[in-house]
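Observations on chain architecture
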Amino acid sequence: MVTLLESVHGPADLKRMDDAQLKQLCDEIRRFLVDKVSRTGGHLGPNLGVVELTVALHRVFDSPQDPIVFDTGHQSYVHKIVTGRRDGFDDLRQQGGMSGYPSRSESAHDVQGNSHASTALSYADGLAKAKQLNGTNGHVVAVVGDGALTGGMCWEALNNIAADKTRPVVIVVNDNGRSYSPTIGGLADHLSSLRLRPGYERVLEKGKSALQQTPIFGKPLYAALHAAKRGIKDALAPQAMFEDLGLKYIGPVDGHDMATLESALQRAKSFGGPVIVHAVTRKGMGFAPAENHEADQMHATGVIDPITGENLKPSKRTWTHVFSDSLVEIGHERQDVVAITAAMQGPTGLDAFAKAFPSRFYDVGIAEQHALTSAAGLAIGGLHPVVAVYATFLNRAFDQLLMDVALHEQGVTVVLDRAGVTGPDGASHHGMWDMSILGVIPGIHVAAPRDAGTLAEELREAVAISDAPSVIRYPKASVGPDLPALERVGCVDVLRRSGDDVLLVTVGALGELGLEAAQRLEDQGIGVTVVDPRWIYPMPADLVEMAASHKLVVTVEDGGRHGGFGSALAAALRDADVEVPLRDIALPQRFHDHGERGEVLALCGITAQDVARRVTEWAARLDCLP
Ligand code: TPP
């Protein structure tokens, strides 16, 4: 039997359906999502929550003439399904397969492919301005979550969108009350008061009851009237906030009721100017294990059982786990240590700290810039903040780290999870920029631990630095075996020494790979010293000295080559007039697609075999080996 879903090849097919068919289609989409995403992993909860919303959007608007921009883009699976990409779900997020985010190379229906949050309204603002200048008709639609709305860019965009009442930008707030965890802060409270907004009758009732409760005897009558007026104003206030900004507000509407949604979107469409449609949805809707998943309603899953939602490939102990435990230990010893997350308490490993020290933990929303400057304030106030953030999202807060933390010589520790190649989230999630941007910050200390023990140790060293920012970076992976040092020279750990032909310098988690490469080189009679600098900035002086006593220096790092550790060491060698040739192995400076971490590293030539081969070739060419 051909299912309804199989008959959908594009948005036009949705427009032909009646109410009963639409209901059946939404059920089929939910079953499809659970079936496919349970095999590959992906953003299940957010997509289950936007099934009706996405179908309604594609029925009311005419994508791609009316572009639909999904903020962050992790909730665009349903959009992909109804724009002809159902088949792509078999290899979702796999190497060579369909992206887990919108992708301009996949479809004309996709506007952008950047999965950094809070950007949709700015794209929409620009697209609407372009339509106006080009004289093109139509609307621009932006779908933004309540979580993404906590990001400052959204408010910069709203300020601009509201400035021109003739540009038809339809902003759909997909309000499920959650980022990963429940969305926090004044704005979140505000949205939830909107969600609970009483109907007009109840507003009147509230005013009336305020009037009744005010004792008129002994009080002037105007006080009673004032109280009644305040009751009505309070009840209407939430809506007023958006309207005070100059935006028409429609809602709140039930985001799972197709008819209500469509009628709200139709009204927004016919309005002809900037308008907000507030849709209340449920993350994980229709899949009980997601709806009931307390931590994050299956925001992002691995491979799971499609019935029970049970994780079928539980990960081994990860770098995140090690950080989590170490920070709690430090928290017990040091009352001045506080932790900050930008809406990623669970994924960055801060759950345990938040539980142990709730008053010393801050979730600031998707607000990395604010996180860093707020950390500077905490440090100036005598505390030592630890800001845990994915490496790629630190890009957002570069200026704050430079000017608000470093310039003021403040002791703030930034912990970069997902540094280096991350895997299935693709180009915008690979943490390959941090070493390049951190290297330019005067006074900064950056460490890259190689195993669990050095992560715990370096984190302690980092929080002991009180007059400069310190950074710890580690990848998204399970933590490898302990790699004990033969000796420590200054701050540099020597991991293996079989001769002084090649100094192989491995950054952080690539230590294991370096040791394997060294074994291969030794098998060919090449003497290798493998070292881990531990602290990569400031450049360890001992490393420069060690380089001088070898014939070839090779660096291996899991970061962008431009401005990376290799180029910093080369500059340090030049400064010290050390003439030993240096070759650097790093990620080529391009956007790398999704795939497993090992697969992407292999594509970039970062395997033990490739490193050994390239070292042998360089050594032969440079004629510097026995
Ligand atoms: N910081 C930035 C700049 N970009 C990101 N993508 C993230 C953090 C990680 N992140 C991805 S989705 C998400 C976060 C924090 C939560 C989004 O919540 P919301 O916008 O409400 O969407 P929902 O998943 O609830 O539908």
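The rules behind these values
- Residues numbered from 1 in each chain as written.
- Predicted model: local features only at pLDDT ≥ 70, side-chain atom pairs only at ≥ 80, totals over all residues.
- Heavy atoms only, no water.
- Buried < 20%, exposed > 50% of the residue type's maximum accessible area, 1.4 Å probe, protein only.
- Helix = DSSP H or I, 4+ residues; strand = E, 2+ residues; numbered from the N terminus.
- Pairing = 2+ DSSP bridges.
- Expected span 1.5 Å × (residues − 1).
- Arc of directions from axis to C-beta.
- Axes fitted to C-alpha atoms, helices over the stretch in contact; angles between N-to-C directions.
- Parallel < 35°, antiparallel > 145°, perpendicular 65-115°, else oblique.
- Contact = heavy atoms within 4.5 Å.
- Nonpolar A, V, L, I, M, F, W, Y, C, P; charged D, E, K, R; others polar.
- Phe/Tyr/Trp six-rings, centres within 6.5 Å; stacked < 30°, edge-to-face > 60°.
- Lys NZ or Arg CZ within 6 Å of the ring centre and 35° of its normal.
- Salt bridge = Lys/Arg side-chain N within 4 Å of Asp/Glu carboxyl O.
- Near = heavy atom within 4 Å.
- Polar contact = N/O pair within 3.5 Å; in protein donor to acceptor, adjacent residues only side chain to side chain.
- Areas by Shrake-Rupley, 256 points an atom, 1.4 Å probe, with all protein chains shown as cover.
- 1 Å grid on protein atoms, 1.4 Å probe; cavity = no way out; pocket = protein on both sides within 12 Å on 5 of 7 lines; lining within 4 Å.
- Points joined across faces, edges and corners; volume = space filled by probe spheres on them.
- Core = buried A, V, L, I, M, F, W, Y, C linked by side-chain atoms within 4.5 Å.

**Topic: the pairing of strand E8 (residues 384-390)**
Counting buried positions along E8 gives seven out of seven residues, so the element sits mostly inside the fold. Alternating positions in E8 separate into two faces, His 384, Val 386, Ala 388 and Tyr 390 on one and Pro 385, Val 387 and Val 389 on the other, with burial throughout. Note that strand E6 (residues 337-341) and E8 share five bridges and pair parallel. Considered in E8, the bridge of Ala 339 is made with Val 386.

**Concerning helix H19 (residues 452-463)**
Taking 1.5 Å of rise per residue, twelve residues should cover 16 Å, and H19 covers 17 Å from first to last C-alpha, within 8% of that figure. Burial in H19 covers these residues: Ala 452, Thr 454, Leu 455, Glu 458, Leu 459, Ala 462 and Val 463. Projected down its long axis, H19 shows its buried positions confined to an angular sector of 160°, all on one face.

**Section: the packing of helix H6 (residues 120-134) against helix H7 (residues 152-161)**
Remark: H6 packs on H7, axes separated minimally by 8 Å, with the N-to-C direction vectors making an angle of 25°. Classified by the angle between their axes, H6 and H7 sit roughly parallel to one another. In contact with Leu 121, Ser 122, Asp 125 and Lys 129 of H6, H7 contributes Met 153, Cys 154, Ala 157, Leu 158, Asn 160 and Ile 161. Of the residues contributing to the contact of H6 with H7, the split by class is six nonpolar, two polar and two charged.

**Observations concerning the packing of aromatic side chains**
Scanning all chains against the criterion turns up eight aromatic pairs. Ring geometry for Tyr 390 and Phe 393: centres 5.7 Å apart, planes at 10°, overall stacked. Given the relative accessible area of 5%, Tyr 390 is considered buried. One Lys or Arg, Lys 248, reaches over the ring of Phe 271 and ends 5.5 Å from the middle of that ring.

**Details of the pattern of salt bridges**
Within the structure shown, the criterion is met by 36 salt bridges. For Asp 532, the salt bridge goes to Arg 450, with nearest N and O atoms at 2.7 Å. Of the two residues, Asp 532 sits in strand E15 (residues 528-532) while Arg 450 sits in the loop between strand E10 (445-447) and H19, which places them 82 residues apart along the sequence. Its relative accessible area of 1% is what places Asp 532 among the buried residues.

**Considerations on the site of the ligand**
Taken together, 23 residues form the shell around the ligand, and within it His 74, Ala 117, Gly 147, Arg 178 and Glu 368 come nearest. Measuring from a nitrogen atom of the ligand, one finds a side-chain N or O atom of Glu 368 at 2.6 Å. Against a free-state accessible area of 580 Å², the protein chains account for coverage of 98% of the ligand. Considered class by class, the residues forming the shell around the ligand number eight nonpolar, ten polar and five charged.

**Describing unusual backbone geometry**
Peptide bonds are trans in most cases, and residues, glycine excluded, mostly fall at negative phi. Across the junction of Gly 251 and Pro 252, the peptide omega takes the value 0°, indicating a cis bond. The topology assignment puts Pro 252 in strand E4 (residues 248-254). In the segment running from Tyr 537 into Pro 538, the intervening peptide bond is cis, with an omega of -10°. You can see Pro 538 is positioned in the loop between strand E16 (535-537) and helix H21 (541-548). Residues other than glycine seldom take positive phi values, yet Ser 118 does so here, at roughly 70°.

**Topic: empty space enclosed by the protein**
Tallied over the entire structure, the rule returns three cavities of 30 Å³ or more. By volume, the largest cavity amounts to about 70 Å³. Together, Ala 419, Ala 448, Pro 449, Arg 473, Tyr 474, Pro 475, Val 507, Gly 508, Ala 509, Asp 558 and Arg 597 line the largest cavity. Class assignment of the residues belonging to the lining of the largest cavity gives a composition of seven nonpolar, one polar and three charged. Put simply, the second largest cavity is a space of about 40 Å³. Every residue lining the second largest cavity is listed: Ile 340, Thr 341, Ala 342, Glu 368, Ala 371, Leu 372, Val 387, Ala 388, Val 389, Phe 393, Leu 394 and Ala 397.

**Observations concerning the sheet that holds strand E1 (residues 68-70)**
Taking strand neighbours across the sheet as the criterion, the five strands line up as E1-E2-E3-E5-E4 in an open arrangement whose pairing is parallel. Of all strands in the sheet, those with a lone pairing partner are E1 and E4, marking the two edges. Strand-to-strand twist of the sheet, defined as the mean angle between neighbouring strand axes without regard to direction, takes the value 20°. Here six bridges tie strand E3 (residues 169-175) to strand E5 (residues 275-280), and the two strands are oriented parallel to one another. The residue bridging Val 170 from the neighbouring strand is Val 275, located in E5.

**Regarding the nonpolar core**
Counting 56 residues, the largest nonpolar core has Leu 401, Val 414, Leu 438, Val 553 and Leu 569 as the members making the most contacts within it. Here this core takes six residues from helix H15 (residues 368-380), the largest share from any one element. Once residues within four sequence positions are removed from consideration, Val 553 is found in contact with Leu 503, Val 505, Ala 547, Leu 569, Leu 573, Val 580, Pro 581, Leu 582 and Arg 583. Listed in part, the 50 residues of the second largest apolar core include Leu 5, Phe 89, Ala 264 and Leu 265.

**With respect to the environment of Thr 506**
Checked against the element boundaries, Thr 506 lands in strand E14 (residues 502-506). On the basis of relative accessible area, Thr 506 is assigned to the buried category, the value being 0%. Spatially, the C-alpha atoms of Thr 506 and Ala 448 are 9.7 Å apart, while their sequence positions differ by 58 residues. If near-sequence neighbours (up to four positions away) are discounted, Thr 506 is found in contact with Gly 511, Gly 514, Val 530, Val 531, Asp 532, Pro 533 and Val 556.

**Points about the sheet that holds strand E11 (residues 470-473)**
Read from one edge to the other, the open sheet built from seven strands follows the order E7-E6-E8-E9-E11-E10-E16, with strand pairing classed as mixed. Of all strands in the sheet, those with a lone pairing partner are strand E7 (361-363) and E16, marking the two edges. Between one strand axis and the next, the sheet turns through 20° on average, direction left out of account. Taken strand by strand, H15 contacts E6, E7, E8 and strand E9 (413-417), and its axis lies near 165° from that of E8.

**Some remarks on the environment of Leu 5**
Within the element layout of this structure, Leu 5 appears in the segment before helix H1 (11-15). Looking at Leu 5, the relative accessible area reads 6%, which means it is buried. Along the chain, Leu 5 and Leu 25 lie 20 residues apart, while their C-alpha atoms are 6.0 Å from each other. Sequence-distant contacts of Leu 5, that is, excluding residues within four places in its chain, are made with Leu 25, Glu 28, Ile 29, Phe 32, Ile 81 and Arg 86.

**Quick word on the side chain of Thr 320**
Within the secondary structure, Thr 320 sits in helix H13 (residues 319-333). Thr 320 sits in the buried class, given a relative accessible area of 11%. In terms of polar contacts, Thr 320 uses its side chain to reach the side chain of Asp 417, at 2.8 Å. Residues in contact with Thr 320, not counting those within four places in the same chain, are Pro 347, Thr 348, Gly 349, Asp 417, Arg 418 and Tyr 474.

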